[in-house]
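Each chain, written out:
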Amino acid sequence: MITKFDSSYYGTVDMENLGYAGTPINERRYSQAELGGALHKVVEYAKCMDERGYDTFWMAEHHFQPEGTELIPNLLMMAMHLCGVTKNLRIGCGFNVVPMWHPLRLAEDYAMADILTGGRVIFGVARGYHTREVETFGAPLRDQEANRELFEEGVDILFKAFEGKPFSHKGKYYTIPPEVPYRGYTLKEITLVPAPERLPVECWQPIQSGSERAFDFMAKHGICGIIGGGSAEGGAVERHMIGFQAAYARRGIELELGERLALGFQFHIAKSREGGMSEAAKYYEENMKMFGELRLVRALTDEQIAAMRDPRLAATTKLPRVEDAVNAGGFLTGTPADIIEQLKAVEKRYPGVDRVVCATPLGTPLEVQLEDLDRLAKEVMPAFRPAKIVAAAE
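Just so we're clear, the structure is a prediction, and the values are computed from it rather than from any experiment.

Overview of the nonpolar core
Step number 1: In terms of nonpolar packing, the biggest core is built from 87 residues, with F5, F57, M59 and L343 touching the most fellow members.
Step number 2: A per-element tally of this core places helix α5 (residues 144-162) first, with eight residues.
Step number 3: Among the nonpolar cores identified, the runner-up in size contains 17 residues, and A280, Y284, V297 and A307 belong to it.

See the structure below:
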């Protein structure tokens, strides 16, 4: 049963000339004032969610984007600020890119956030998908096997450190601690101080390829998963849910289909389904221009990727349209009643799902985003709350 409504926003500048026929993503450039101003938009987004009873606001870690698309380089710093200007909203790290961090530094920073915010910051991990980011920080990405190895070893260290007990680790990429002399003895173990107060640490990870290895690793650490978010193909959802459920079963943990998983959707509320698609089309297309070739939409051909880079080719190439996403179930639009109907169908099909992440596509103006958040909270969310809670809120 769906009981928790979340949203996500990665911090973007105010964009112009959107869609496949608009400015190519690689040609977008913005001033330092515009880039820095996006962080203030994040604050407005979070305040709107907090005032309207959303559960968790998810942000993504990204770097070096003069195109103005994803402008939050440090999730834990941003989360600390947001917890100071909101009252109840949880702030989700969606996600800390582990290969770009030393795992002990990341563990320390999260522990501080957990303690100082009373547990309102939710941890998350990912492998990364921008070569410009990951490789610039000295970690592998083009070598996917090395990237996965580094990620898995880093996460293993994180969970050891979170326990707040003396530990050591010797792996392919890290030896912790180094055996060095320290105040009259040789260092053999190290302890994270202070450790998080809330154990086990609630941790989330995006589900993209959905390999058995990935699911087994998530089950090993009790990691929850987010499917979708506007980039994953709709047909992969059920396959991923079954694979995730099976991995937990191999560890003796029986889950309902969809349990410990969140489903991500893009959405826009309008007077009709057709009107919603018309209004959101240019934002959906801008989103595809940004994410289409970054391993997040696997069905795209080289011809389609080339066309999304060049408006001249876009006019004569068959490209993904918002109608396709709506028909696949990844984009919710129409009246509030239409969206309630679509989410009720999801609830019925996946009885273990209790959380959805509803967000707007890249390029959507802040005023449209805030209006959509407001209407979703007032006209959709009450249909998924027990009658006594709705009555109390009124």
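Now, onward.
A look at helix α8 (residues 273-296)
Step number 1: Between its first and last C-alpha, α8 extends only 26 Å over 24 residues, short of the 34 Å set by a 1.5 Å rise per residue.
Step number 2: At A280, α8 shows its maximal bend, which comes to roughly 50°.

Re the side chain of N147
Step number 1: Its place among the elements puts N147 in helix α5.
Step number 2: Taking the relative accessible area as the measure of exposure, N147 reaches 0% and is therefore buried.

Overview of the pattern of salt bridges
Step number 1: Within the structure shown, the criterion is met by 29 salt bridges.
Step number 2: Notably, a salt bridge pairs K220 with D156, separated by 3.1 Å at the nearest N-O pair. With K220 in helix α6 (residues 212-221) and D156 in helix α5, this residue pair connects regions lying 64 residues apart in the sequence.
Step number 3: For K220, a relative accessible area of 40% gives the class partly exposed.
Step number 4: D310 is paired through a salt bridge with R312; the nearest N and O atoms lie 3.0 Å apart.
Step number 5: Relative accessible area serves as the criterion here: at 16%, D310 is assigned to the buried category.
Step number 6: Here the salt bridges share partners, and the residues they tie into one network are D6, D55, R90, E202 and R355.

Digging into a nonpolar patch on the surface
Step number 1: On the surface, M80, M112 and L116 cluster together to form a nonpolar patch covering roughly 290 Å² of accessible area.
Step number 2: Under the relative-accessibility criterion, M112 is labelled partly exposed at 45%.

Side note on the packing of aromatic side chains
The way to describe two aromatic rings as a pair is by their centre distance and the angle between their planes.
Step number 1: Applying the stated criterion across every chain yields a total of 15 aromatic pairs.
Step number 2: Arranged with centres 6.1 Å apart and planes meeting at 85°, the rings of F215 and F244 form a pair that is edge-to-face. Within this pair, whereas F215 is found in helix α6, its partner F244 is found in helix α7 (residues 236-250), the two being separated by 29 residues in sequence. Of the two residues, F215 and F244, neither departs from the other in class, the shared state being buried.
Step number 3: Between F244 and Y248, the aromatic rings sit 4.9 Å apart at their centres with planes inclined by 45°, giving tilted as the arrangement. Of this pair, F244 and Y248 are both found in helix α7, four residues apart, which corresponds to roughly one turn of the helix. For the residue pair F244 and Y248, the accessibility class agrees, reading buried in each case.

Observations regarding the side chain of T86
Step number 1: Within the secondary structure, T86 sits in the loop between α2 (75-85) and β3 (90-93).
Step number 2: A polar contact is formed between the side chain of T86 and the backbone oxygen of L82, at a distance of 2.7 Å.
Step number 3: Here the side chain of T86 touches R120 through a polar contact of 2.5 Å, side chain to side chain.
Step number 4: Residues in contact with T86, not counting those within four places in the same chain, are A46, K47, D50 and R120.

Describing the confidence of the model for the protein chain
Step number 1: Looking at the protein chain as a whole, the pLDDT averages 94, with 96% of positions reaching at least 70.
Step number 2: Of the regions scoring below 50 in pLDDT, residues 388-392 engages in two contacts with residues more than four places distant in sequence or in other chains.

Rules used in this analysis
- Residues numbered from 1 in each chain as written.
- Predicted model: local features only at pLDDT ≥ 70, side-chain atom pairs only at ≥ 80, totals over all residues.
- Heavy atoms only, no water.
- Core = buried A, V, L, I, M, F, W, Y, C linked by side-chain atoms within 4.5 Å.
- Buried < 20%, exposed > 50% of the residue type's maximum accessible area, 1.4 Å probe, protein only.
- Helix = DSSP H or I, 4+ residues; strand = E, 2+ residues; numbered from the N terminus.
- Expected span 1.5 Å × (residues − 1).
- Bend = angle between axes of the 7 residues up to and from the residue.
- Salt bridge = Lys/Arg side-chain N within 4 Å of Asp/Glu carboxyl O.
- Patch = residues over 30% accessible without salt bridge, like charges linked within 9 Å, V, L, I, M, F, W, Y side chains within 5 Å.
- Areas by Shrake-Rupley, 256 points an atom, 1.4 Å probe, with all protein chains shown as cover.
- Phe/Tyr/Trp six-rings, centres within 6.5 Å; stacked < 30°, edge-to-face > 60°.
- Polar contact = N/O pair within 3.5 Å; in protein donor to acceptor, adjacent residues only side chain to side chain.
- Contact = heavy atoms within 4.5 Å.
- pLDDT = per-residue confidence, 0-100.

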